[in-house]
2 protein chains.
Amino acid sequence: MDLQQSGLPNTAFIHPQGKNQADVAQLVQQVVDLLLGEMGTAAERSPLPQLTRLPSHNIPNEGIPEAELLAQLKSIIQQSMNAAHPGYIGHMDSIPSTASILGDLVAGAMNNNMLSVEMSPVLSRLEPLLLKEIAAMFGLPETAGGVLVSGGSLGNLQAIAVARNIHFPIREKGLAGLPKPPVFFTSAAAHTSFQKAAMVLGLGSEATIGVTTDDRGKLDCGALQVAIAQAKQAGQAPFAVVATAGTTVTGTIDPIEEMAAIAQKHNLWFHVDASYGGALAFSPQHQHLLQGIEQADSITFNPQKWLYVAKTCAMTLFRDAKGWQRNFRVGAPYMGNEDDAMNLGEVSLQGTRHGDVLKLWMTLQHLGKAGCAAMIEQNFAIAQVFLTSIQQRPYLKLATKPDMNIICFRSEPELLPTEQWDQWNSKLQDHLLQQADCFVSLPLYQGQRWLKVVLVNPFTAVTHLATLFEVLDECHANLSEFTPA
Amino acid sequence: MDLQQSGLPNTAFIHPQGKNQADVAQLVQQVVDLLLGEMGTAAERSPLPQLTRLPSHNIPNEGIPEAELLAQLKSIIQQSMNAAHPGYIGHMDSIPSTASILGDLVAGAMNNNMLSVEMSPVLSRLEPLLLKEIAAMFGLPETAGGVLVSGGSLGNLQAIAVARNIHFPIREKGLAGLPKPPVFFTSAAAHTSFQKAAMVLGLGSEATIGVTTDDRGKLDCGALQVAIAQAKQAGQAPFAVVATAGTTVTGTIDPIEEMAAIAQKHNLWFHVDASYGGALAFSPQHQHLLQGIEQADSITFNPQKWLYVAKTCAMTLFRDAKGWQRNFRVGAPYMGNEDDAMNLGEVSLQGTRHGDVLKLWMTLQHLGKAGCAAMIEQNFAIAQVFLTSIQQRPYLKLATKPDMNIICFRSEPELLPTEQWDQWNSKLQDHLLQQADCFVSLPLYQGQRWLKVVLVNPFTAVTHLATLFEVLDECHANLSEFTPA
């Protein structure tokens, strides 16, 4: 097909015999220059820019000129969430490693398909081997294995689906005939993806029983024992316990080891949602915080969060890989089969899948374990500075004592009536963005609005934090000017 | 943090103040040069190269030198599935558009998160607007909307989950208490993701009732009516009918319009899996093949297949967007809320998600509707050439008369006993790869092995097909040398 004769831009595809080499190279260069220019000046834009103009969602009949496409792309970048800014500290969305950006570029161009080995001969073999290495870092045995999934919600869904399938004979016949409704236990502060998983899996969102937490925000093991007994008494069928290593709002790590023992005592599946905290396995200094995770039946871990891999990059690991595959597999007879490797699309929620393993592999090869550890340790150090700054200010209150580099706090000024504190903190979020160039988030936690920071950006320096606290102090000093809406 | 003092490569991240600009630009340039070099010579490698050496899955303690990383990357590209080769015609995996490769690059670097509007202010607003445009192209009404998902299996899972939630009051309480087991109907040739969806959703894989097909491979509407009646009689609760627009093996389009009428008559949800064939909506000449799709309650459509967008890029569209959101939504109180837009992570299977909309948007802006149409029409033209070549050869048999650009056929040589035909066609697959530089796939269809081609690559020319048929003729002429294993 002659692209141009058909009215297509000459650069529509990379010609496999190099016939449009110069044109393609020029277009790619323009996008790369634009991108590096914008990312290399990220600190000059707001961490969360104002939206000024959306790109047109109209699909044109004829393609638009490349110059216009580039201009629109620039406008998109400049208005998007600016996670590369050192003051972007509001969510678990990190600046991506260069290696992961480039891995995504290559994976996209190769367009291999993780559905089957035939469609991704290298990457479908690399993924299970690399994930086995990571499983070993968590202390899982030689029998362990796992699969990458497009995000942590799918990671948790994959784990709970397998746990359910192993505990109940429902793969073919479904849940409708079950005498007792299955339930599982998480902390009340666990991620909402467990309620979503329970809904999707046909268990119903109420099958996620949220156990109360102690004053550190950690699941209360006594309450867990009571909840299990109550569920049995109520005619429910408990099948799993979930510990969280790094809750979304406060970054709290549940008592993993104690929970593992309770799960084992009751013959329940033990899942650890280490979507965020799993990165601690890369830090010799801090990995002890995950103590007990080696007893997990399954683990969710997202390198897309604290391991700096561009999203999505998440995984579910299973202690018994064969058990997972046996209890989940749906065959696809249109794919080739290889003797030495598994078609991953048959044993995971997804079929066609992007080669996310490449950006994970490239990041780990480029930074090494020691590089990851260095960043994690620096994050802990700066979190300590942040924590101390809070503790020095009587008007600031911590939601919980932090376990990691996530700190949730709020201003509780005595001069304001308590019912105005939510609004006041919302106001502070605005001020911090406008005056300190810092984006902090404003989660709802135990019915109140808090300010949350996730100190994961390696370029966030003590000076940025100093500005943030200066603005907070100033706001507090000018409290009398505050008028609630 | 000083990256190098901490033992990290200076290029680990793109410094937000440009402090490592030159080093990063050099690394990016090296990867771009490597990539364009390999993609621009894709026709010189095999469409499916031999695997010679896997990259190391060992995670090094110190990062490896960039020169070594680049060498390994080159080796990975050279051994991977080579979908850009004009002879790669075996699966629905197309050569990706340049715009989609670049869109992925930018989305990866921005690292925005489709979980919430706050985390992707532009892309979370653009996605619903663009999908509404596409829904309109399918003839869905103004009430329609949709969401991107990471692959077609998730697209179908999302649709069936919503259909289930709307038909049964099980969101909170689950399926365990339901008096009648829910079932839904697909053609026997529908994609295995429906069995997977039924298993995941707790319906059980047997809840997918595969209705027999006619001699064109299309769902038999008489048989569907019987199946619905039988299910009701057996105490099951039918809730959905699924039509496929482009089956995986033969590219067959079910009688959509007739099935829509049956679904409506029985008050069943009507889903169309147009993962592949949905692209026809972009072809004024061929869109009539989708007649009836405008009556769907939900549609899966994957631009990652026949719209040339790098994977993953798939969507679920709903006729009644509000109904979908109301019956699926799980709130996430840690995210900000915007008045004008929805947090997509609350209404879809996934939470954190890559900004796939950018590469879809860029592809459509770059190629335009007319460009997409031109490619689809050229694909039909070359498929016609392929079809004629088969029909000219008495030893070749079609699985079904093709509806689109997917052709499934096999050699049935009279000289060989029928029980050797599967092996013979497997041999032909090898010969075509080795001697014609063509990768065709070898699906199992109705208990037999077939050769399947998907003529989607715009650079596949009549000369490639001529070589393929020459090799087939030669193999047939030398049939006597064949010794089955």
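Residues numbered from 1 in each chain as written. Chains lettered and ligands numbered in written order. Predicted model: local features only at pLDDT ≥ 70, side-chain atom pairs only at ≥ 80, totals over all residues. Heavy atoms only, no water.

Caption draft 1: Here's a closer look at the relation of the copies chain B and chain A. The transform that puts chain B on chain A rotates by 180° and translates by 0.0 Å along the axis, for an RMSD of 0.0 Å. The relationship between the two copies is best expressed as a two-fold rotation axis. Mapped onto chain A, 100% of the interface residues of chain B are again interface residues, and the two copies thus contact each other with one and the same surface. (Least-squares fit on C-alpha atoms with pLDDT ≥ 70 in both. Contact = heavy atoms within 4.5 Å.)

Caption draft 2: Region of the structure containing the interface of chain B and chain A. Contacts between chain B and chain A engage 155 residues on the former and 156 residues on the latter. Together chain B and chain A conceal approximately 14400 Å² of surface at their shared face, both sides included; 68% is due to carbon and sulfur atoms. Applying the counting rule to chain B against chain A returns 2 salt bridges. Put simply, the parts of the chain that give the side of chain B that touches chain A at least two residues each are α1 (21-39), α2 (66-79), α3 (98-110), α4 (123-137), α5 (152-167), α6 (193-200), α9 (303-306) and α11 (356-391) of chain B. Its residues placed into classes, the side of chain B that touches chain A shows 85 nonpolar, 52 polar and 18 charged. (Buried area = accessible area lost by both parts, 1.4 Å probe. Salt bridge = Lys/Arg side-chain N within 4 Å of Asp/Glu carboxyl O. Helix = DSSP H or I, 4+ residues; strand = E, 2+ residues; numbered from the N terminus. Nonpolar A, V, L, I, M, F, W, Y, C, P; charged D, E, K, R; others polar.)

Caption draft 3: Structural detail: the packing of helix α11 (residues 356-391) of chain A against helix α13 (residues 462-477) of chain A. Residues and elements named next belong to chain A. Direction vectors running N to C along α11 and α13 enclose 20°, while the axes themselves pass 10 Å from each other. The angle between α11 and α13 places the two elements in the roughly parallel class. In this structure, α11 meets α13 at a crossing whose hand is right-handed. Along the contact surface, α11 presents Ile382, Val385, Phe386, Ser389 and Ile390, while α13 presents Val462, Leu465, Leu468 and Phe469. (Axes fitted to C-alpha atoms, helices over the stretch in contact; angles between N-to-C directions. Parallel < 35°, antiparallel > 145°, perpendicular 65-115°, else oblique. Left-handed = near helix turned anticlockwise from the far one by under 90°.)

Caption draft 4: Geometry of the environment of alanine 461 of chain B. As for its position among the elements, alanine 461 of chain B is in the loop between β12 (451-454) and α13 (462-477). Expressed as a C-alpha distance, the spacing of alanine 461 of chain B and proline 86 of chain B, which sit 375 residues apart in the sequence, is 7.5 Å.

Caption draft 5: Main features of the side chain of serine 97 of chain A. Residues and elements named next belong to chain A. If you trace the backbone, serine 97 turns up in the loop between α2 (66-79) and α3 (98-110). The class for serine 97 is buried, based on a relative accessible area of 0%. Reaching out from serine 97, the side chain makes a polar contact with the side chain of threonine 363 at a distance of 2.9 Å. (Buried < 20%, exposed > 50% of the residue type's maximum accessible area, 1.4 Å probe, protein only. Polar contact = N/O pair within 3.5 Å; in protein donor to acceptor, adjacent residues only side chain to side chain.)

Caption draft 6: Structural view of unusual backbone geometry. Between lysine 311 of chain A and the following residue, threonine 312 of chain A, the backbone shows a cis peptide bond with an omega angle of 0°. On the secondary structure map, threonine 312 of chain A appears in the loop between α9 (303-306) and β7 (314-318). Located in the positive-phi region is asparagine 267 of chain B, a residue other than glycine, with phi close to 60°.

Caption draft 7: Molecular detail of the domain arrangement of chain A. Residues and elements named next belong to chain A. Looking at the assigned domains, one finds that chain A contains domain 1 (1-82), domain 2 (112-364) and domain 3 (368-481). Measuring from the centre of the C-alpha atoms in domain 2 to the corresponding centre in domain 3 gives 31 Å. The partner domain 3 presents 26 residues to the 31 residues of domain 2 that form the contact. Counting the surface lost from both domain 2 and domain 3, the interface buries some 2200 Å², and carbon and sulfur atoms represent 63% of this. Residues aspartate 403 and arginine 216 are paired through a salt bridge, measuring 2.7 Å at the closest nitrogen-oxygen approach. At the surface where domain 2 touches domain 3, the tally comes to 10 residue pairs in polar contact (both at pLDDT 80 or more). Elements that contribute at least two residues to the side of domain 2 that touches domain 3 include exactly α9 and α11. Here the residues of the side of domain 2 that touches domain 3 sort into 14 nonpolar, 13 polar and 4 charged. (Domains from an automatic or database assignment.)

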